[in-house]
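Residue-level structural notes
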Amino acid sequence: MRVLLVGAGGVGTAVTRIAVRRPFFDLMVVADYDPDRAEAAVAAVGDDRFRAERVDAGDEAAVAALLARHGCDVLLNATDPRFVMPLFRAARTAGASYLDMAMSLSRPHPERPYEECGVKLGDEQFALAAEWEKAGALALVGVGVEPGLSDVFARYAADELFDEIEEIGIRDGANLTVDGYDFAPSFSIWTTIEECLNPPVVYERERGWYTTAPFSEPEVFDFPEGIGPVECVNVEHEEVLLVPRWVDARRVTFKYGLGREFIETLKTLHLLGLDRTAPVAVPGPDGPVPVSPRDVVAASLPDPATLGERMRGKTCAGTWVRGTRDGKPREVYLYHVVDNEWSMAEYGCQAVVWQTALNPVVALELLATGAWSGSGVLGPEAFPARPFLGLLTEYGSPWGLREQ
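The numbering scheme is per chain: residues are counted from 1 as the chain's sequence reads. Whole-chain, interface and lining totals are the exception, using all residues; otherwise, since this is a predicted model, local features are given only for residues with pLDDT of at least 70 and side-chain atom pairs are given and counted only at 80 or more. Values reported for side chains reflect all heavy atoms of the structure, with hydrogen atoms and water molecules removed beforehand.

Concerning the UniProt feature "domain: Saccharopine dehydrogenase NADP binding" (unreviewed entry) in the protein chain
Stated precisely, the cut-off is as follows: UniProt positions are given in the numbering used here, feature names are shortened, and annotations may be inferred rather than shown by experiment. In this text, helices come from DSSP runs of H or I with a minimum length of four residues, and strands from runs of E with a minimum of two, each type numbered from the N-terminal end.
According to UniProt, the feature "domain: Saccharopine dehydrogenase NADP binding" (unreviewed entry) maps to residues 3-140 in the numbering used here. From the first C-alpha to the last, residues 3-140 spans 14 Å; its make-up is 38% helix and 19% strand.

Quick word on helix 2 (residues 35-45)
Heads up, the condition is: Throughout, exposure labels follow a simple rule: accessible area from a 1.4 Å probe, protein chains only, divided by the maximum for the residue type, with under 20% read as buried, over 50% as exposed, and the rest as partly exposed. It is the directions from the helix axis to the C-beta atoms that the arc portrays. Whether two residues are in contact is decided by their heavy atoms, any of which lying within 4.5 Å being enough. Here a polar contact is recorded for every N or O atom pair within 3.5 Å, except that within protein the pair must consist of a potential hydrogen donor and a potential acceptor, and residues adjacent in sequence are included only if both atoms are side-chain atoms.
For helix 2, the full list of buried residues reads Ala-38, Ala-41, Val-42 and Val-45. Relative to the axis of helix 2, the buried residues are bounded by an arc of 95 degrees and lie together on one face. Along helix 2, the residues that are exposed and aim more than 90 degrees away from the buried face are Asp-36 and Ala-43. Residues of helix 2 that are buried make contact with helix 1 (10-19), strand 2 (27-32) and strand 3 (50-54). At the N-terminal boundary of helix 2, the capping side chain belongs to Asp-34, with an oxygen 3.0 Å from the backbone nitrogen of Asp-36. Note on helix 2: the residue one or two positions beyond its end, Gly-46, has a positive phi of about 55 degrees.

Some words on the pattern of salt bridges
So the rule is basically this: A pair is scored as a salt bridge if a Lys or Arg side-chain nitrogen falls within 4 Å of a carboxyl oxygen belonging to Asp or Glu.
If you walk through the whole model with that rule in mind, you get 30 salt bridges. Salt-bridge contacts for Arg-155 lead to Asp-159; the nearest nitrogen and oxygen are separated by 2.6 Å. With Arg-155 and Asp-159 both in helix 7 (residues 149-161), this residue pair falls 4 residues apart, about one helical turn.

Quick notes on unusual backbone geometry
Glycine aside, residues mostly have negative phi, and peptide bonds are mostly found in the trans state. A cis amide bond links Glu-146 to the next residue, Pro-147, at an omega of 0 degrees. Tracing the chain through its elements places Pro-147 in the loop between strand 6 (138-140) and helix 7. The backbone phi angle of Phe-215 is positive, close to 65 degrees, even though this residue is not glycine. Tracing the sequence through the fold places Phe-215 in the loop between strand 10 (208-211) and strand 11 (219-223). You can call Phe-215 buried: its relative accessible area is 11%. Even without glycine at this site, Asp-326 takes up a positive phi of about 55 degrees.

Quick notes on the packing of helix 1 against helix 2
As a reminder of what qualifies: Note on definitions: angles span 0 to 180 degrees between N-to-C directions of axes, and those axes are lines fitted to C-alpha atoms, for helices only across the stretch in contact. Angle categories are assigned with fixed cut-offs, so that under 35 degrees is roughly parallel, over 145 is roughly antiparallel, 65 to 115 is roughly perpendicular, and the rest are oblique. In this scheme the handedness of a crossing depends on how the near helix is turned from the far one: anticlockwise by less than a right angle means left-handed, clockwise means right-handed.
Where helix 1 meets helix 2, the closest approach of the two axes is 9 Å, and the angle between their N-to-C directions is 20 degrees. One element, helix 1, and the other, helix 2, form an angle in the roughly parallel class. Where helix 1 crosses over helix 2, the two elements pack in a sense that is right-handed. For the pair formed by helix 1 and helix 2, the contact residues are Thr-13, Thr-16 and Arg-17 on the first element and Ala-41, Ala-44 and Val-45 on the second.

Notes on the side chain of Thr-16
Here Thr-16 is to be found in helix 1. Side-chain polar atoms of Thr-16 contact the backbone oxygen of Thr-13, separated by 2.6 Å. Among residues more than four places away in sequence, those in contact with Thr-16 are Leu-5, Met-28, Val-30, Ala-41, Val-45 and Phe-50.

A word on the packing of aromatic side chains
Aromatic ring pairs are defined here through the distance separating the ring centres and the angle between the ring planes. This is how it is decided: Two rings belonging to Phe, Tyr or Trp (six-membered ring only in the last case) form a pair when the distance between their centres is within 6.5 Å. Interplanar angles under 30 degrees mark stacking, angles over 60 mark edge-to-face geometry, and anything in between is tilted. For a Lys NZ or an Arg CZ to count as sitting over a ring, it must be within 6 Å of the ring centre and within 35 degrees of the ring normal.
Tallying each qualifying case throughout the model produces 18 aromatic pairs. Taken together, a centroid distance of 5.5 Å and an interplanar angle of 80 degrees make the contact between Phe-25 and Phe-50 edge-to-face. Remark: Phe-50 occurs in strand 3 and Phe-25 occurs in the loop between helix 1 and strand 2; sequence separation between them is 25 residues. In this pair, the class of Phe-25 matches that of Phe-50, namely buried. Arg-54 extends its terminal NZ or CZ atom over the ring of Tyr-33, reaching a point 4.3 Å from the ring centre.

Observations regarding the pairing of strand 12 (residues 228-234)
As a reminder, the rule being used: A strand pair is defined by DSSP finding two or more bridges across the two strands.
Across the 7 residues that make up strand 12, a large majority, 5, are buried. A loop of 4 residues connects strand 11 with strand 12, the two strands running antiparallel in sequence, and Glu-225 in this loop sits at a positive phi of about 55 degrees. Strand direction decides the pairing type here: strand 12 and strand 13 (residues 251-256), joined by 2 bridges, are antiparallel. Across the sheet, Val-233 pairs through a bridge with Tyr-256, a residue of strand 13.

Description of the pairing of strand 1 (residues 2-6)
The condition that has to hold: Handedness rule for crossovers: strands pointing away from the viewer, path from the first strand over the helix to the second running clockwise, crossover right-handed.
In terms of burial, strand 1 is largely enclosed, as 4 of its 5 residues are buried. Here strand 1 pairs with strand 2 via 5 bridges, running parallel. Looking across to strand 2, one finds that Leu-5 is bridged to Val-30. One crossover worth recording links strand 1 to the parallel strand 2 by way of helix 1, and it is right-handed. As defined by bridge partners, strand 1 adjoins strand 4 (residues 74-77) across 4 bridges and the pair is classed as parallel. Following the sheet pairing, Leu-5 is matched in strand 4 by Leu-76.

What to know about helix 13 (residues 351-369)
We count it as follows: A helix is expected to reach a length of 1.5 Å times the quantity of its residues less one.
A rise of 1.5 Å per residue sets the reference length of helix 13, with its 19 residues, at 27 Å; its end C-alpha atoms lie 27 Å apart and thus fit the reference within 8%. Within helix 13, 17 of the 19 residues are buried, leaving the element largely enclosed by the surrounding structure. Where helix 13 begins, the capping side chain belongs to Gln-350, and its oxygen is found 2.7 Å from the backbone nitrogen of Val-352. Count one or two residues on from helix 13 and you reach Gly-370, which has phi positive near 85 degrees.

Okay, here's the thing in structure tokens:
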């Protein structure tokens, strides 16, 4: 397997540090708009299977040419969601398989944003599914940790733990702190704003997909391995759009443990218009300069990838499932916990970006060995779960199951 990894930020760098320990690929080209980041990621692993390149992720022709030049048969997208569609199309043009960890962006319903869906996450990609399937090509979408491992858990629950499923709820929580900062998100603030301030989507079998107000339906969820109770709220996320396509459940939700202070900060950014992506004119020495308010917020905060030495605690991603087995009620939580102290010591990566990066590497290996195969635009729950979960454990990062 020859892989083009686009994006050498925190997650992309973690991908290289995980992948270097595995023998399933022959080449991984690490490409970024900033060549210094790509070079640093490659230099850190010290393996001649890795090469650095510069590429603009928004330039489809340049990405397709880079795939062809290196003979890459897979493109792994480790950029933010703005670049999903150009990279998705570039892979199809070049005849390469495609993997991402976040799907094409949504757009709220113009009149009823908190009741009805507009353009949903992934709609642009699924609109091209027939084209991929006709070509016998695979786009494996949403294969990070959430979405990704959470979807694998949903498939595992449906196949092996339940006869009927009433509800699948992705629940994400952590007790992470960052020394020296009052506000320092552990993941991309650009992506965090996008998913937290957009109308959350809920799925119900009788109703289909619909939306609610941001931060709706708060609940306290008790997370394992010492994290404890965290208040979680509805957030827009890909699992709600992916899981019902392949797993039969009456209801699917995604709730994120943000914390009251984080929620209030996001609300303030929205109130001030600092969550907007459209440029505004800012006075400059040579006249007005167009600037995206959200990019300003991102530039004003520390890079999450650099916070590992200051972070303390654990992060948990998991899937809560409620239904019946052998005619009796059952409720479980399947989860994956990463301790930041461990991920820093073992890989030099903070817990959140490492946990995200781990899963696409596992998926790449499954594709390389033929344990997973398919064509079209498919989510992780379209594939058998056991090979993935077995390999996750082999990577030294086991998962857990708690009866509720």
